[in-house]
Amino acid sequence: MKLGEVESHLKELGWAPEAHGDATLRSEHPSEEGPIVVYIRVSDEWLIASVVPFLATRGNNSFELSRWLLRQNRDMNQAKFAYDEDGDVVLTLEVPTESLDPGELDAALDELIKRTIQHRGTLRAAAEAAR
């Protein structure tokens, strides 16, 4: 699946993708928790979709946060938490593009949105309490 195909499919789903560099799309997905900004990068072999930042921490990450993120990663399919180069928490997924079809793309993006809604409020509340 190529970038143009992904963009067309996102539009069919009601997303509003916009170009964000050469091989990346940016789209805001509405939710009851507020808009979810998803960046989707397509290469020859992988589609990577990320919520960046999922939680802005600027690298001030506690051991307890890291343990919690690892426990969540163990229990999630496809979507995984990580730290970006700024030390912020991101939620990302990677799927191979070789035989990716629209149904698989839908399932992967649904997982990313579902996990964002499930965990974003919890992490924001914990971050506020820690301040």
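Look up a bit, the structure's there.
For every chain, the first residue of the written sequence is number 1, and numbering continues from 1 along that sequence. Local features are withheld for residues below a pLDDT of 70 in this predicted model, meaning they are given only at 70 or higher, and side-chain atom pairs are given and counted only at 80 or more; totals for whole chains, interfaces and linings count all residues. Hydrogens and water molecules were not included; the side-chain quantities draw on all heavy atoms of the structure.

## Quick look at the overall build of the chain
(1) Moving on: From N to C terminus, the chain includes 3 helices and 6 strands.
(2) Moving on: Going residue by residue from the N terminus, the α and β elements of the chain occur as α-β-β-β-β-α-β-β-α.
(3) Moving on: In terms of overall size, the chain behaves like a compact globule, its C-alpha atoms giving a radius of gyration of 15 Å where 131 residues would be expected to give roughly 14 Å.
(4) Moving on: Overall, the chain is about 45 × 25 × 25 Å in size when its C-alpha atoms are taken along their principal axes.
(5) Moving on: Within the chain, residue pairs in contact and separated by at least 24 positions form 56% of the contacts whose partners lie at least 6 positions apart.
(6) Moving on: When the accessible surface of the chain is summed, it comes to about 7,700 Å², and 48% of that surface belongs to carbon and sulfur atoms. Where helices and strands are cited, they refer to DSSP runs of H or I of at least four residues and of E of at least two residues respectively, numbered from the N terminus. Note that the radius of gyration is over C-alpha atoms, with the globule rule given as 2.2 Å times the number of residues to the power 0.38. Contacts are assigned to residue pairs that have any heavy atoms within 4.5 Å of one another. Accessible surface area values rest on a Shrake-Rupley calculation with a 1.4 Å probe, where residue burial reflects the displayed protein chains alone.

## Here's the deal with the pattern of salt bridges
(1) Moving on: What makes a salt bridge here is a side-chain nitrogen of Lys or Arg within 4 Å of a carboxyl oxygen of Asp or Glu, nothing more. Taken as a whole, this structure holds 4 salt bridges when the rule is applied.
(2) Moving on: Notably, a salt bridge pairs arginine 74 with aspartate 75, separated by 3.2 Å at the nearest N-O pair.
(3) Moving on: One salt bridge in this structure joins glutamate 111 and arginine 115, with 2.9 Å as the shortest N-O distance. Taken together, the residues span about one helical turn, with glutamate 111 and arginine 115 both in helix H3 (residues 102–130) at a distance of 4 residues.
(4) Moving on: A relative accessible area of 12% means that arginine 115 is categorised as buried. The cut-offs for exposure are 20% and 50% of the maximum accessible area for each residue type, with area from a 1.4 Å probe on protein chains only; residues under the lower value are buried, those over the upper are exposed, and the others partly exposed.

## Things to note about the pairing of strand E3 (residues 36–42)
(1) Moving on: The buried count for E3 comes to 5 of 7 residues, which makes it a mostly enclosed element.
(2) Moving on: By the bridge criterion, 6 bridges tie strand E2 (residues 24–29) to E3 in an arrangement that is antiparallel. Along E3, the bridge assignment pairs leucine 25 with isoleucine 40.
(3) Moving on: The antiparallel hairpin formed by E2 and E3 contains 6 residues in its connecting segment, where glycine 34 sits at a positive phi of about 105°.
(4) Moving on: Here E3 runs beside strand E4 (residues 46–55); their pairing, made up of 4 bridges, is antiparallel. When the bridges of E4 are listed, isoleucine 40 appears paired with alanine 49. Following DSSP output, two strands are said to pair if at least two bridges run between them.

## Considering the pairing of E4
(1) Moving on: What sits between the antiparallel neighbours E3 and E4 is a turn of 3 residues.
(2) Moving on: In this sheet, strand E6 (residues 89–96) lies alongside E4 in antiparallel orientation, the contact comprising 7 bridges. In the sheet register, isoleucine 48 faces E6, and the bridge partner there is glutamate 94.

## A look at the side chain of glutamine 72
(1) Moving on: Secondary-structure assignment places glutamine 72 in helix H2 (residues 63–75).
(2) Moving on: The contacts of glutamine 72, once residues within four sequence positions are left out, are Phe81 and His119.

## Points about the sheet that holds strand E1 (residues 18–19)
(1) Moving on: Within the open sheet, the 6 strands sit side by side as E1-E2-E3-E4-E6-E5. Their pairing is antiparallel. One side of each edge strand has no neighbouring strand; the edge strands of this open sheet are E1 and strand E5 (80–83).
(2) Moving on: Each of E2, E3 and E4 is contacted by helix H1 (residues 3–12), which is oriented at about 15° to E2, the strand it contacts most. Interaxial angle, 0 to 180 degrees, is taken between N-to-C directions of lines fitted to C-alpha atoms, where a helix line uses only the stretch in contact.

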